[in-house]
Amino acid sequence: MPEKTRMTCPTCQGKKIIEGVCEVSSEWRGSSSDDALDDSQCTPDQECPTCKGKGYVEV
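Residues numbered from 1 in each chain as written. Predicted model: local features only at pLDDT ≥ 70, side-chain atom pairs only at ≥ 80, totals over all residues. Heavy atoms only, no water.

S.K.: Residue-level account of the pattern of salt bridges, with values.
M.R.: Scanning all chains against the criterion turns up one salt bridge. Between Glu58 and Lys4 there is a salt bridge whose closest N-O contact spans 3.9 Å. Taken together, the residues span a long stretch of sequence, with Glu58 in strand S6 (residues 56-58) and Lys4 in the segment before strand S1 (6-8) at a distance of 54 residues. (Salt bridge = Lys/Arg side-chain N within 4 Å of Asp/Glu carboxyl O. Helix = DSSP H or I, 4+ residues; strand = E, 2+ residues; numbered from the N terminus.)

This is how it looks when you write it as structure tokens:
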């Protein structure tokens, strides 16, 4: 039986997660009176769907 070899995951490049993306726009800025301005929106980090968070795929 041939032995399986490991290859770095092509989707996440071995990082195990896919980092979220943040975008900034002054249109999203709230109109609250405090100094905290929230003009960014971010997607959460996700486990890589290709390698299931292992960082490698078996070939």
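Moving on, there is more to tell.
S.K.: Just give me the short version of the nonpolar core, but keep the residues and values in it.
M.R.: Cys9, Cys12, Cys48, Cys51 and Val57 together form the largest nonpolar core, which totals five residues. Not counting chain neighbours up to four residues away, the residues in contact with Val57 comprise Thr5, Arg6, Met7, Cys9, Pro10, Thr50 and Cys51. (Core = buried A, V, L, I, M, F, W, Y, C linked by side-chain atoms within 4.5 Å. Buried < 20%, exposed > 50% of the residue type's maximum accessible area, 1.4 Å probe, protein only. Contact = heavy atoms within 4.5 Å.)

S.K.: Can you explain the state of the cysteines? Please cite residues and give values.
M.R.: Considering all chains together, one arrives at one disulfide under this definition. Here Cys22 engages in a disulfide with Cys42; their sulfurs sit 2.0 Å apart. Every disulfide takes its handedness from the sign of the S-S torsion; for Cys22 and Cys42 that torsion is 115 degrees, giving right-handed. Taken together, the positions of Cys22 in strand S3 (residues 22-24) and Cys42 in strand S4 (residues 40-42) put the pair 20 residues apart, joining distant regions of the chain. Residue classification places Cys42 among the partly exposed residues on the basis of a relative accessible area of 48%. Cysteine Cys9 remains unbridged, with the sulfur of Cys48 as its closest cysteine sulfur at 3.7 Å. In this structure Cys9 comes out as buried when scored by relative accessible area, which is 1%. Cys9 provides the cysteine sulfur closest to Cys12, a residue in no disulfide bond, and the two sulfurs are 3.8 Å apart. (Disulfide = S-S within 2.5 Å.)

Any functional reading would require information that these geometric values do not contain.
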